[in-house]
Amino acid sequence: MSLNDFVLALDQGTTSSRAILFDHAGVARASAQQELPQIFPAPGLVEHDAMVIWRDTLATARAAVEQAGIGAEQIAGIGITNQRETTVIWRRDNGQPIHNAIVWQDRRTAGLCEKLRQAGHDKLIQERTGLIVDPYFSASKIAWLLDNVAGARGAAQAGELAFGTIDSWLLWNLTGGPAGAKALHATDATNASRTMLFDIHRQCWDEELCQLLNIPMVLLPEVRDCAADFGHTTKDLFGAPITIAGMAGDQQAATIGQACFKPGMIKSTYGTGCFVMLNTGDEAVRSQNRMLTTVAYRLDGQTTYALEGSIFVAGAAMQWLRDGLKLIDAAPDSEALASGLDSTGGVVMVPAFTGLGAPYWDADARGAIVGLTRDSSIAQVVRAGLEAVCYQTRDLLLAMQRDAATAGATNNLVLDVLRVDGGMVENDWLMQFLADILDVAVDRPAVTETTALGAAYLAGLQTGLYPSTEAIAAQWRCQASFTPNMAAGRREQLYDAWREAVARVRTVA
Ligand code: ADP
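About the thresholds
Residues numbered from 1 in each chain as written. Predicted model: local features only at pLDDT ≥ 70, side-chain atom pairs only at ≥ 80, totals over all residues. Heavy atoms only, no water. Helix = DSSP H or I, 4+ residues; strand = E, 2+ residues; numbered from the N terminus. Rg over C-alpha atoms; globule rule 2.2 N^0.38 Å. Buried < 20%, exposed > 50% of the residue type's maximum accessible area, 1.4 Å probe, protein only. Contact = heavy atoms within 4.5 Å. Areas by Shrake-Rupley, 256 points an atom, 1.4 Å probe, with all protein chains shown as cover. Lys, Arg positive; Asp, Glu negative; His and termini not counted. Charge placed at Lys NZ, Arg CZ, Asp CG, Glu CD. Pairing = 2+ DSSP bridges. Axes fitted to C-alpha atoms, helices over the stretch in contact; angles between N-to-C directions. Core = buried A, V, L, I, M, F, W, Y, C linked by side-chain atoms within 4.5 Å. Expected span 1.5 Å × (residues − 1). Polar contact = N/O pair within 3.5 Å; in protein donor to acceptor, adjacent residues only side chain to side chain. 1 Å grid on protein atoms, 1.4 Å probe; cavity = no way out; pocket = protein on both sides within 12 Å on 5 of 7 lines; lining within 4 Å. Points joined across faces, edges and corners; volume = space filled by probe spheres on them. Near = heavy atom within 4 Å. Nonpolar A, V, L, I, M, F, W, Y, C, P; charged D, E, K, R; others polar. Phe/Tyr/Trp six-rings, centres within 6.5 Å; stacked < 30°, edge-to-face > 60°.

1. Describing the overall build of the protein
Turning to step 1, where the next piece is worked out: Each helix and strand in the protein was counted, giving 17 helices and 22 strands.
Turning to step 2, where the next piece is worked out: Against the compact-globule benchmark of 23 Å for 509 residues, the protein has a radius of gyration of 23 Å, which places it among compact chains.
Turning to step 3, where the next piece is worked out: Here the C-alpha coordinates of the protein stretch approximately 70 × 60 × 45 Å along the principal axes.
Turning to step 4, where the next piece is worked out: For the protein, the proportion of its 509 residues judged to be buried stands at 59%.
Turning to step 5, where the next piece is worked out: Sequence-distant contacts, at least 24 apart, represent 72% of the contacts inside the protein between residues at least 6 apart.
Turning to step 6, where the next piece is worked out: Split by element, the accessible area of the protein, about 19300 Å² in all, is 50% carbon and sulfur.
Turning to step 7, where the next piece is worked out: Positive and negative side-chain charges of the protein, numbering 40 and 56 respectively, have mean locations separated by a distance of 3 Å.

2. Topic: the sheet that holds strand β2 (residues 16-23)
Turning to step 1, where the next piece is worked out: Sheet architecture is open: five strands sit in the order β3-β2-β1-β5-β13, paired in mixed fashion. Edge positions in the open sheet fall to β3 (28-35) and β13 (244-249), since each of these has one partner strand only. Averaged over neighbouring strand pairs, the angle between their axes works out to 15 degrees when direction is ignored.
Turning to step 2, where the next piece is worked out: Bridge count between β2 and β3: seven bridges; the pairing is antiparallel. Across the sheet, residue S16 finds its bridge partner in β3, namely E35.
Turning to step 3, where the next piece is worked out: Relative to β3, helix α1 (residues 50-68) is tilted by about 150 degrees, and along the sheet it contacts β1 (6-12), β2, β3 and β5 (75-82).
Turning to step 4, where the next piece is worked out: Packing against the sheet, helix α15 (residues 450-463) makes contact with β1, β2, β5 and β13, and its axis sits at approximately 135 degrees to β5.

3. A closer look at the nonpolar core
Turning to step 1, where the next piece is worked out: Among the nonpolar cores identified, the biggest contains 60 residues, and Y270, L418, L434 and W498 are the most heavily contacted of them.
Turning to step 2, where the next piece is worked out: Here this core takes twelve residues from helix α13 (residues 378-406), the largest share from any one element.
Turning to step 3, where the next piece is worked out: When residues no more than four places from it in sequence are discounted, the contact partners of W498 are V348, M349, V350, P351, Y360, A388, Y391, Q392 and D395.
Turning to step 4, where the next piece is worked out: One finds W90, A162, I166 and A183 within the second-largest nonpolar core, a separate group that totals 42 residues.

4. Focus on α1
Turning to step 1, where the next piece is worked out: Between the first and last C-alpha of α1 there are 27 Å, a value that for 19 residues agrees with the 27 Å anticipated at 1.5 Å per step.
Turning to step 2, where the next piece is worked out: Within α1, the full set of buried residues consists of A50, M51, V52, I53, W54, D56, T57, L58, T60, A61, A64 and V65.
Turning to step 3, where the next piece is worked out: Measuring from the side-chain oxygen of the N-cap residue of α1 to the backbone nitrogen of M51 gives 2.9 Å; that N-cap residue is D49.
Turning to step 4, where the next piece is worked out: With its phi angle positive at about 65 degrees, G69 sits one or two positions after the end of α1.

5. Side note on the layout of surface pockets
In this approach, a probe sized like a water molecule rolls over the atoms, and the result shows the empty space that is left.
Turning to step 1, where the next piece is worked out: Estimated volume of the second largest pocket: approximately 460 Å³.
Turning to step 2, where the next piece is worked out: Every residue lining the second largest pocket is counted, 21 residues in all, and those nearest its centre are F261, Y297, L299, T469 and E470.
Turning to step 3, where the next piece is worked out: Listing elements by their share of the lining of the second largest pocket, those giving two or more residues are β16 (292-299), β17 (302-311), α15 and α16 (469-475).

6. A closer look at the sheet that holds strand β14 (residues 266-270)
Turning to step 1, where the next piece is worked out: Pairing within the open sheet is mixed, and its seven strands lie in the order β16-β17-β15-β14-β20-β21-β22. Whereas interior strands pair on both sides, the edge strands pair on one side only; in this sheet they are β16 and β22 (478-482). Across the sheet, the mean angle from the axis of one strand to that of its neighbour is 30 degrees, orientation sign disregarded.
Turning to step 2, where the next piece is worked out: Where β14 lies against strand β20 (residues 417-421), four bridges are found, and the strand directions are parallel. By the bridge assignment, S268 is partnered in β20 with V420.
Turning to step 3, where the next piece is worked out: In the packing of α13 onto the sheet, the strands contacted are β14, β15 (274-281), β17 and β20, and the crossing angle to β17 comes to about 140 degrees.

7. Some thoughts on the site of the ligand
Turning to step 1, where the next piece is worked out: Looking at the ligand, there are 13 residues lining it, with T272, G315, Q319, G423 and N427 nearest.
Turning to step 2, where the next piece is worked out: In the model, an oxygen atom of the ligand is placed 3.1 Å from a nitrogen or oxygen of the G315 main chain.
Turning to step 3, where the next piece is worked out: Contact with the protein chains hides 68% of the accessible area of the ligand, taken as 580 Å² for the molecule alone.
Turning to step 4, where the next piece is worked out: The dominant element in the shell around the ligand, judged by the number of residues it contributes, is helix α11 (residues 315-324), at four residues.
Turning to step 5, where the next piece is worked out: Here the shell around the ligand is built from residues that sort into five nonpolar, eight polar and no charged.

8. What to know about the packing of aromatic side chains
Turning to step 1, where the next piece is worked out: Scanning the model with the defined rule gives twelve aromatic pairs in all.
Turning to step 2, where the next piece is worked out: Seen in terms of ring centroids, W104 and Y136 are 5.9 Å apart; in terms of plane orientation they differ by 55 degrees. Their pairing is tilted. Of this pair, W104 sits in the loop between β7 (101-102) and α2 (110-118) while Y136 sits in the loop between α3 (122-129) and α4 (138-148), placing them 32 residues apart in sequence.
Turning to step 3, where the next piece is worked out: Using a relative accessible area of 16% as the deciding quantity, one classes Y136 as buried.

Pasting the structure below:
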């Protein structure tokens, strides 16, 4: 192994902090992980201790390097990927957060968002940021902190505070924190695009939106490309400085890890929920179906856009079948149960546990299992839970295709392959059914750690380990490909039954 042949990916997620050391071939050589405690101060509120996030990140990074038995000087660069939108504000002089981090799931700012909508600001916000007004994004969380933490607004105006999503928070600490005059307060275009303050077309913070939310712009980090010079770690952290060279939010990093670099390429991550991202090239396609328009990545100053849609309940339905109904012992058991049947016998599950997302957007809808008879079995119900993930993916892809067509997107957006990752994709039966229902080939990569891999690729691009995105794309390996193999009549019949079941649970037309 030659010198500088490794990249270190820091993957700071909602439930854990992980560090993975990749070699130049994109093979994971060492990794370390720590669970992140969740703080629930009241129903609907979710917080993290930002100091714990920083300490865990550093500890896992050190553990991975130590495990690999290499020196810091052998690491070409660090790539950071993170849970998106989660908001931290800290004091620049001592590095102390002024409050726990407010996590993306937190709903405390629903009222403020409702006010923005009622005042008719949603149109401007969607135009500039590509987002729908929602507590999910950082802007209303920043506003809440400034309004509710004693002295915060004054300190913010005086330039004493810094805002960051988790990427910025980690970067600032890695590059020196309060002790280092060189501590870098920066973020990348993908993370910036999730704040609801960033103009995705002009690629800069939007003064008007900041004014609207009463957020002083001195709080905000500088926005750089995803592969860029983000400074270096202070010497004390790893024994020698390491360049920080890559940064992207988790779903964007997964898109890069899946090498979806061309318009029309699409990845879907199947974990607890499911996130679909469609590369739309240099066109920011405006959605009519409340999909998000977002930055897929920015390289060499060139922005590539994406449409993003999510399914709230994917693997979570398996968790419910396991822990709630106790129909299965473990999620992987679903595969044998489903593949032992020809069909669900007409049973359809709509797992709208927390409402229906795109393209229905019905927050008050609740789940249902329809078509039950005396013959209905555990296996049929479990299979219906898996099938629902596939029907919902088709709902999303159809909405994205409609958006692209309505917007007159000129980039070639023919969806012919779906690249998948996440815990659920180990289920071969599910992947085949997905291909059948979408009538699109489903490719499962050899490396399913796509989020961390994406961060490593970005750092590798910047440090010269990879000459181009083409070189990265050439490295992407398919582990298994699932080709559609269902008669069109059956596919449409099943999908119609799904649409009918959804219609029964909807509270708004
Ligand atoms: P997250 O990153 O959201 O925590 P993961 O990507 O680790 O999720 O995926 C875990 C989810 O996948 C769980 O909800 C689990 O129920 C589901 N899952 C794991 N293996 C299988 C399987 N073989 N078949 C179906 N679902 C599975």
